[in-house]
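# Working through the structure, step by step
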2 protein chains.
Amino acid sequence: MSDVPKTHPRYLSLTLRDTIVAGVEQGITSIHGLIAHGRGEAFDYLIGETTQPFAIQAIHAAAAMLRLAEHPVISVNGNVAALAPEALIQLGQVLNAPLEVNIFHTETGREQRIREHLLKHSAPDVLMPTTDAQLSYIDSNRKFVHPEGIFKADVVFVPLEDGDRCEALRKMGKAVVTVDLNPMSRTAQQASITIVDNVVRALPLLCKEIRNFSDPTAEDTVARYSNKAVLKQALEHISRCGNG
Amino acid sequence: MSDVPKTHPRYLSLTLRDTIVAGVEQGITSIHGLIAHGRGEAFDYLIGETTQPFAIQAIHAAAAMLRLAEHPVISVNGNVAALAPEALIQLGQVLNAPLEVNIFHTETGREQRIREHLLKHSAPDVLMPTTDAQLSYIDSNRKFVHPEGIFKADVVFVPLEDGDRCEALRKMGKAVVTVDLNPMSRTAQQASITIVDNVVRALPLLCKEIRNFSDPTAEDTVARYSNKAVLKQALEHISRCGNG
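Residues numbered from 1 in each chain as written. Chains lettered and ligands numbered in written order. Predicted model: local features only at pLDDT ≥ 70, side-chain atom pairs only at ≥ 80, totals over all residues. Heavy atoms only, no water.

All right, on to the overall build of chain A then. A count of helical and extended segments in chain A gives 11 helices and eight strands. Computed over its C-alpha atoms, the radius of gyration of chain A comes to 17 Å, within 12% of the 18 Å expected for a compact globule of 244 residues. When its C-alpha atoms are laid out on the principal axes, chain A stretches across 50 × 45 × 35 Å. The proportion of buried residues among the 244 residues of chain A is 57%. Within chain A, one finds 24 positive and 28 negative side-chain charges whose respective centroids are separated by 3 Å. (Helix = DSSP H or I, 4+ residues; strand = E, 2+ residues; numbered from the N terminus. Rg over C-alpha atoms; globule rule 2.2 N^0.38 Å. Buried < 20%, exposed > 50% of the residue type's maximum accessible area, 1.4 Å probe, protein only. Lys, Arg positive; Asp, Glu negative; His and termini not counted. Charge placed at Lys NZ, Arg CZ, Asp CG, Glu CD.)

Residue and element names in this part refer to chain A. It is the contact of helix H5 (residues 85–95) with helix H9 (residues 199–211), at a shortest axis distance of 9 Å, that shows an interaxial angle of 15 degrees. Taken together, the axis directions place H5 and H9 in an arrangement best described as roughly parallel. Classified by chirality, the crossing of H9 by H5 is left-handed. Within the contact between the two elements, H5 uses Ala87, Leu88, Gln90, Leu91, Val94 and Leu95 and H9 uses Leu203, Pro204, Leu206, Cys207, Ile210 and Arg211. Within the contact of H5 with H9, the residues separate by chemical class into 10 nonpolar, one polar and one charged. (Axes fitted to C-alpha atoms, helices over the stretch in contact; angles between N-to-C directions. Parallel < 35°, antiparallel > 145°, perpendicular 65-115°, else oblique. Left-handed = near helix turned anticlockwise from the far one by under 90°. Contact = heavy atoms within 4.5 Å. Nonpolar A, V, L, I, M, F, W, Y, C, P; charged D, E, K, R; others polar.)

So, on to the environment of Glu219 of chain B. Inspection of the secondary structure puts Glu219 of chain B in helix H10 (residues 218–224). Sequence separation between Glu219 of chain B and Ala61 of chain B is 158 residues; the distance between their C-alpha atoms is 9.5 Å.

All right, on to the relation of the copies chain B and chain A then. Each copy superposes on the other: chain B lies on chain A with an RMSD of 0.0 Å after a rotation of 180 degrees and an axial shift of 0.0 Å. Seen this way, the second copy is the image of the first under a two-fold rotation axis. Interface residue correspondence from chain B to chain A reaches 100%, placing this contact among same-surface, isologous pairings. (Least-squares fit on C-alpha atoms with pLDDT ≥ 70 in both.)

Moving on: the interface of chain B and chain A. Taken together, the contact pairs 25 residues of chain B with 25 residues of chain A. Around 2,200 Å² of area is buried between chain B and chain A when both sides are counted, 73% of it from carbon and sulfur atoms. The largest per-residue losses of area from chain B upon contact with chain A belong to Ile31, Ile35 and Arg39 of chain B, which jointly make up 22% of the total buried on that side. There are two salt bridges connecting chain B and chain A. For Arg39 of chain B, the salt bridge goes to Glu41 of chain A, with nearest N and O atoms at 2.5 Å. (Buried area = accessible area lost by both parts, 1.4 Å probe. Salt bridge = Lys/Arg side-chain N within 4 Å of Asp/Glu carboxyl O.)

Here we come to the sheet that holds strand S1 (residues 72–76) of chain A. Residue and element names in this part refer to chain A. One open sheet accounts for six strands, arranged S3-S2-S1-S6-S7-S8; its pairing is parallel. Where the open sheet ends on each side, the last strands, each with one partner, are strand S3 (126–127) and strand S8 (193–195). In this sheet, S3 lies alongside strand S2 (residues 99–101) in parallel orientation, the contact comprising two bridges. Paired with Glu100 across the strands is Leu127, a residue of S3. With respect to the sheet, helix H3 (residues 53–68) is in contact with S1, strand S6 (155–157), strand S7 (175–179) and S8, its orientation differing from that of S8 by roughly 135 degrees. (Pairing = 2+ DSSP bridges.)

Before going further, it helps to spend a moment on the confidence of the model for chain A. For chain A, per-residue confidence averages 92 on the pLDDT scale, and 96% of positions sit at 70 or higher. Confidence estimates for the predicted assembly give a pTM of 0.86 and an ipTM of 0.80. (pLDDT = per-residue confidence, 0-100.)

Further remarks concern the pairing of strand S1 (residues 72–76) of chain B. All names here are of chain B. Within S1, five of the five residues are buried, which leaves the element mostly enclosed by the surrounding structure. Residues Pro72, Ile74 and Val76 line one face of S1 and the alternating positions Val73 and Ser75 line the opposite face, and both faces are buried. As judged from the three bridges shared by S1 and strand S6 (residues 155–157), these two strands associate in the parallel manner. Bridging from a neighbouring strand, Val73 pairs with Val156 of S6. Examined bridge by bridge, S1 and strand S2 (residues 99–101) share three bridges and lie parallel to one another. Paired with Ser75 across the strands is Glu100, a residue of S2.

Time to look at the pattern of salt bridges. Side chains that carry opposite charge are capable of pairing whenever their charged atoms lie near each other. This model, assessed by the stated rule, comprises 26 salt bridges over all chains. The closest approach of N and O atoms between Arg186 of chain B and Asp164 of chain B, which form a salt bridge, is 2.8 Å. Of this pair, Arg186 of chain B sits in helix H8 (residues 186–190) while Asp164 of chain B sits in helix H7 (residues 163–171), and the two are 22 residues apart along the sequence. Arg186 of chain B gets classed as partly exposed once you look at its relative accessible area, which sits at 42%. Ionic contacts of the salt-bridge type, sharing partners, join the residues Arg142, Glu161, Asp162 and Arg165 of chain A into one network.

Let us look at the side chain of Ser185 of chain B. Note on placement: Ser185 of chain B falls in the loop between strand S7 (175–179) and H8. In terms of polar contacts, Ser185 of chain B uses its side chain to reach the backbone amide nitrogen of Ala188 of chain B, at 3.0 Å. (Polar contact = N/O pair within 3.5 Å; in protein donor to acceptor, adjacent residues only side chain to side chain.)

This part covers the packing of helix H2 (residues 31–46) of chain A against helix H1 (residues 11–25) of chain B. A packed helix pair is summarised by two numbers, namely the angle formed by the two axes and the spacing between the axes. Packing of H2 of chain A against H1 of chain B brings their axes to within 10 Å, and their N-to-C directions diverge by 120 degrees. Considering their axes alone, H2 of chain A and H1 of chain B lie oblique with respect to each other. Considering the relative orientation of H2 of chain A and H1 of chain B, their crossing is right-handed. Contact residues: H2 of chain A offers Ile31, His32, Ile35 and Arg39 of chain A, while H1 of chain B offers Arg17, Asp18, Ile20, Val21 and Val24 of chain B. Here the contact of H2 of chain A with H1 of chain B is built from residues that sort into five nonpolar, one polar and three charged.

Moving on, we get to the pairing of S7 of chain A. All names here are of chain A. Counted residue by residue, S7 has five buried out of five residues, so it is predominantly covered. Of the pairings in the sheet, the one linking S6 to S7 comprises three bridges and is parallel in character. Bridge pairing links Val155 to Ala175 in S7. Where the polypeptide runs from S6 across helix H7 (residues 163–171) and back to S7, its parallel neighbour, the crossover connection is right-handed. In this structure, S7 lies alongside S8, joined through three bridges in parallel fashion. Bridged to Val177 within S8 is Ile193. (Right-handed = clockwise from strand over helix to strand, strands pointing away.)

Written out as C-alpha cells, the structure reads:
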C-alpha cells in the first residue's frame, strides 16, 4: 500500500489503485482487469469522482427491479471481488440472492481464489461455474454457469460486465443491472439498468436503497425507467467536463 | 496474444493491450503501468482512436523544438519501452539523441530489463540512472538521472510522463515534449508541448516530421505555438464525443 494522505483530493482513486494491484498479487484479479480498472479511473475522473444524479436515478430503479425479481443473482468477477467484497456480500443478504463467480480470463485456480476471498469476508456461500448449465449466444468461458444461479435467474446484477455476456444474458430474456463507468460501453448500452458510477460508491448506496425500499409503485418505477435517457445524461455530464 | 481479427474496428487497441500485458510478463512494464494504460485507452476511445489535428499541430512544433535543441534526450519508461521500442530508437537516431531509462516504480532489475529490451531492438546505447546527477524539486526515484543525459538536456522528450517529474523538469528550466492521451493531466498541462495522441501512432509521425523537416522559421514556429490552445482543442474534441 502506498502512503497517500487522506487529505489528497484523489485519495479514493489512489487507494483503489492499490487495492486492485493487491487483488492481482492475491491471484483474484486478472492482469487484463487492471487495464479495465484504468479505463474506469479515466471515466470516473470525467464524471467528477462522485455519484451523480443519473446514477442515483438508476440506483432507485435497480432497487425496484431487484426487489421485484423472483430469482435475483449477483455475478462476481475478479475486479469487483477485490474492490468491494463486503458490499457484494451485503447486497446478497438484503436481496437473499446468491453470489456466483463468473470470469473471463480463467488463469488456473482464480475462480477458486475469488470464492475463498468472499468466504473469508463472511459470504454464507458462493456458487461456482459448472458444465451442467450453459448460457446460449456466448462462446467464452463465461458461458459456464450454475444451474441454481445465473442460469435460473430472472434478474442478474453484474457489476463491471463484459459486453458479450451482457448481450447473451439479454437475448436469453434475463434483465441485467450493471455498474459501468463508461456510458458508451456495449454493456452500458445493452443492460436493462446501467448505474454509471464507481462500484465502490454505488454498491453501498444500492444496498441502502433496497434495505429502506418503500416504493408502492415499484412496478411503475421499473416500467417508466429509461436507461437510454440516463445514459444520455451521463454522456452530457462528460461533455460538460470536456468543456471545462 | 489473443486472436483479435485485423478487421475488428478496435484492432489496434486490443493488440496494444496484449503488448502491454506481455511487457508486464517480461518484467519491463510495472503493474501500475497497466492501470495507466487503461486510462489511456479510455481517452484514446474518446478522441476517436485516431491522430487528430491538435496532435498534428503539436507534432509539428515538437519537431521544430527537438530540431533546435542543443542536447535533446529521450526519457523511456516501462510502458513506452513495451509499446514502441523501434520507434523510440528511430527517434534517437534522427535526433542523434540518447535514450535514458527513467521509471517511477523500481522493482528489482526492471531498469536493467528495459535497457536490455532496447538493446535487443538494436538501440546503439541506453543511458541509465546514476547517483552522480540528481534532478531538483523531486523526491521519488525519478530524480536519479545520467549526467550526460537528462541532467544536461535542454529539451526532454518524455512520452507517458508523471506530473511530478514534468513539473520538476520545467522548474529546472528544461523544455518538455510529452505524449499524453489525457489533455487534463498535470503532465499535459505543464509540458511545453503536449501531443494528445496514442504514443504508438504519434512516434512514427514525429520521426517522419523530423526527418523531412524543412521549416526555415522553426524558431518562430516554436515561439508561436500555444500548448494551451492545443489542449483546449483536445478538450473540445472530447466534449463533442460526449455529445454523440
